[in-house]
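Residues per chain are reported as follows:
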Amino acid sequence: MKEKLGADIILKYPSYVLAILAKRAYDEKWKIFNFLKDAKASAMEFFVDKKTDSQGFGFVIDNHIILSFRGTEKSKDWIQNLDLRRHPLNGGVNGYVHEGFYRAGGSLYKAVEAFVKKHNSKKDKLISIGGHSLGGAIAVDITRRLREDHWNILQVRTIGQPRYANPKACQYLDGLFNCSYVRWANNNDIVPQMPSFLTWRQLGSTKIYVPALRRWKHFGQQMYITRRGRIFSKISSSRMIYDQIVGYIQAWSHKRLGDGIKDHDTKIYIKYSKGY
């Protein structure tokens, strides 16, 4: 980023800035600290839960609070990703969300809210939230919790984020967020396509869970990056599927295996979100 990190740049290019910060969330603490120090952040804090291995950081710059969350990095993170049980929102009245992502966000929320309260006691600061992969799902869960606790959020930007909720919960969250929520998905990035229809269903009152078919869904505004690097804010499902199939065929024809993982790279999202 050539421009100085400040509230004006965050407002002008939110997707680009939050994509860069999502990549930074994977760095060691001292590197993040030095980056934020150079950016003249007036306050910063790291959020870490050792049990779930969920991590993120927050900082204050000008009149803005920024929260960014790290994605999958260790085996513990996969426990959250693969916990496909459904967690009821308000007893299921407002639908269901992914249990693993719910638990990951919940493990950090107390520290996150304390940071927001400390630096936004007058509720006059703008709040932006972002993350990559699992970090994107945590960003969505944190946003939900902050909104349910009546904090105003300016914007949420995620890259390569998995599905967080079922269709009913998506309707509830769309209304609850009341902010600009944009999620970026790159061609054959496998993560935004997951989970699809699989969940775990409890057998009666036992502790046994078996596979079950339940639909998971995205909400918010999607920005889709095609195999050719074109960006669409609106694209039909059929056209997107066609683009993904052709992308896979081209990758296979050039013996590029793991296209779904390659397309998940934060560098690609940073490249194409520049200017947004």
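Here the structure is shown first, and the text comes after it.
The rules we used
- Residues numbered from 1 in each chain as written.
- Predicted model: local features only at pLDDT ≥ 70, side-chain atom pairs only at ≥ 80, totals over all residues.
- Heavy atoms only, no water.
- Buried < 20%, exposed > 50% of the residue type's maximum accessible area, 1.4 Å probe, protein only.
- Helix = DSSP H or I, 4+ residues; strand = E, 2+ residues; numbered from the N terminus.
- Contact = heavy atoms within 4.5 Å.
- Pairing = 2+ DSSP bridges.
- Salt bridge = Lys/Arg side-chain N within 4 Å of Asp/Glu carboxyl O.
- Core = buried A, V, L, I, M, F, W, Y, C linked by side-chain atoms within 4.5 Å.
- Polar contact = N/O pair within 3.5 Å; in protein donor to acceptor, adjacent residues only side chain to side chain.
- Phe/Tyr/Trp six-rings, centres within 6.5 Å; stacked < 30°, edge-to-face > 60°.
- Lys NZ or Arg CZ within 6 Å of the ring centre and 35° of its normal.
- Lys, Arg positive; Asp, Glu negative; His and termini not counted.
- Expected span 1.5 Å × (residues − 1).

Participant: Explain unusual backbone geometry to me, please; I cannot follow it from the model alone.
Facilitator: With the exception of glycine, most residues fall at negative phi, and the peptide bonds are largely trans. A cis amide bond links Met 194 to the next residue, Pro 195, at an omega of -20°. With a phi angle near 70°, Lys 40 is a residue other than glycine that sits in the positive phi range. Using a relative accessible area of 58% as the deciding quantity, one classes Lys 40 as exposed.

Participant: Explain the environment of Leu 154 here, please?
Facilitator: Its place among the elements puts Leu 154 in the loop between helix H6 (134-148) and strand S7 (155-159). Take Leu 154: its relative accessible area is 29%, and that puts it in the partly exposed class. Through-space distance from the C-alpha of Leu 154 to that of Leu 126 is 5.8 Å; in sequence the pair is 28 residues apart. Residue contacts for Leu 154: discarding those within four places in its chain leaves Leu 11, His 64, Leu 126, Ile 127, Ser 128, Cys 179 and Ser 180.

Participant: So what exactly am I meant to see when it comes to the pairing of strand S6 (residues 126-132) here?
Facilitator: A regular strand places its side chains on the two faces of the sheet in alternate fashion. Where burial is concerned, most of S6 is hidden: six out of the seven residues are buried. Judged from the six bridges that link them, strand S3 (residues 64-69) and S6 form a sheet pairing that is parallel. Counterpart to Ile 65 in the pairing with S6 is Ile 127. Where S6 meets S7, five bridges bridge the pair, whose relative direction is parallel. Looking at S7, one finds that Gly 130 is bridged to Arg 157.

Participant: Quick question: what am I supposed to make of the pattern of salt bridges here?
Facilitator: Pairing is possible between side chains that carry opposite charge, provided their charged atoms lie close to one another. If you walk through the whole model with that rule in mind, you get ten salt bridges. A salt bridge links Arg 24 to Asp 27; the shortest N-O distance between them is 3.4 Å. By relative accessible area, which is 26% here, Asp 27 ends up partly exposed. Connected through shared salt-bridge partners, Asp 83, Arg 85, Glu 99 and Arg 103 make up one network.

Participant: Help me out: how do you make sense of the nonpolar core in this one?
Facilitator: Across soluble globular proteins, nonpolar side chains have a tendency to be buried as a group. Grouped together as the largest cluster of nonpolar side chains are 36 residues, with contacts concentrated most on Leu 67, Phe 69, Val 112, Ile 129, Ile 142 and Leu 146. The set of elements that each furnish at least two residues to this core consists of strand S1 (43-49), S3, helix H5 (99-119), S6, H6 and helix H7 (167-177). Aside from chain neighbours lying at most four places away, what touches Ile 129 is Leu 18, Leu 67, Phe 69, Ala 139, Thr 143, Leu 146, Ile 153, Gln 155, Val 156 and Arg 157.

Participant: What exactly am I supposed to notice about helix H2 (residues 14-24) here?
Facilitator: Most of H2 sits inside the fold, with nine of its eleven residues counted as buried. The set of residues buried in H2 consists of Pro 14, Ser 15, Tyr 16, Val 17, Leu 18, Ala 19, Ile 20, Leu 21 and Ala 22.

Participant: Can you walk me through the side chain of Asp 189 in this structure?
Facilitator: Residue placement: Asp 189 occurs in the loop between strand S8 (180-186) and strand S9 (198-202). At a separation of 2.8 Å, a polar atom in the side chain of Asp 189 contacts the side chain of His 264. Once residues lying within four places of it in the same chain are set aside, the contact partners of Asp 189 are Gly 160, Gly 260, Asp 263, His 264 and Tyr 269.

Participant: Please explain the packing of aromatic side chains as it appears in this structure.
Facilitator: Aromatic ring pairs are defined here through the distance separating the ring centres and the angle between the ring planes. In this structure the tally under the stated criterion is eight aromatic pairs. Note on Phe 177 and Phe 219: the rings are 5.2 Å apart at their centroids and 80° apart in plane angle, and the pair reads as edge-to-face. Of the two residues, Phe 177 is situated in helix H7 and Phe 219 in the loop between strand S10 (209-213) and strand S11 (221-225); the sequence distance between them amounts to 42 residues. Judged by relative accessible area, Phe 219 falls into the buried class, the value being 4%. Centroid distance Tyr 181 to Phe 219: 5.0 Å. Interplanar angle 55°. Geometry classified as tilted. You can see Tyr 181 sitting in strand S8 and its partner Phe 219 sitting in the loop between S10 and S11, a full 38 residues away along the chain. There is no split in this pair, since Tyr 181 and Phe 219 are both buried. Feature note: the residues Phe 47, Phe 69 and Phe 115 constitute an aromatic cluster, connected by ring pairs. Sitting over the face of the ring of Trp 151, Lys 123 holds its NZ or CZ atom 4.5 Å from the ring centroid.

Participant: Any chance you could explain the side chain of Arg 157 here in plain terms?
Facilitator: Its place among the elements puts Arg 157 in strand S7. Buried and unpaired, Arg 157 has Asp 174 as its nearest opposite-charge partner, separated by 12 Å. Only 3.0 Å separates the side chain of Arg 157 from the backbone oxygen of Ser 180, close enough to count as a polar contact. Ignoring sequence-local partners within four residues, the contact set of Arg 157 consists of Pro 14, Ser 15, Leu 18, Ile 129, Gly 130, Gly 131, Ser 180, Tyr 181 and Val 182.

Participant: Can you walk me through H5 in this structure?
Facilitator: Counting along an α-helix, one turn takes 3.6 residues, and residues three or four places apart therefore face a common direction. Here H5 spans 30 Å end to end across 21 residues, near enough to the 30 Å set by a 1.5 Å rise per residue. Among all positions in H5, only Glu 99, Gly 100, Phe 101, Ala 104, Gly 105, Leu 108, Tyr 109, Val 112, Glu 113, Phe 115 and Val 116 are buried.

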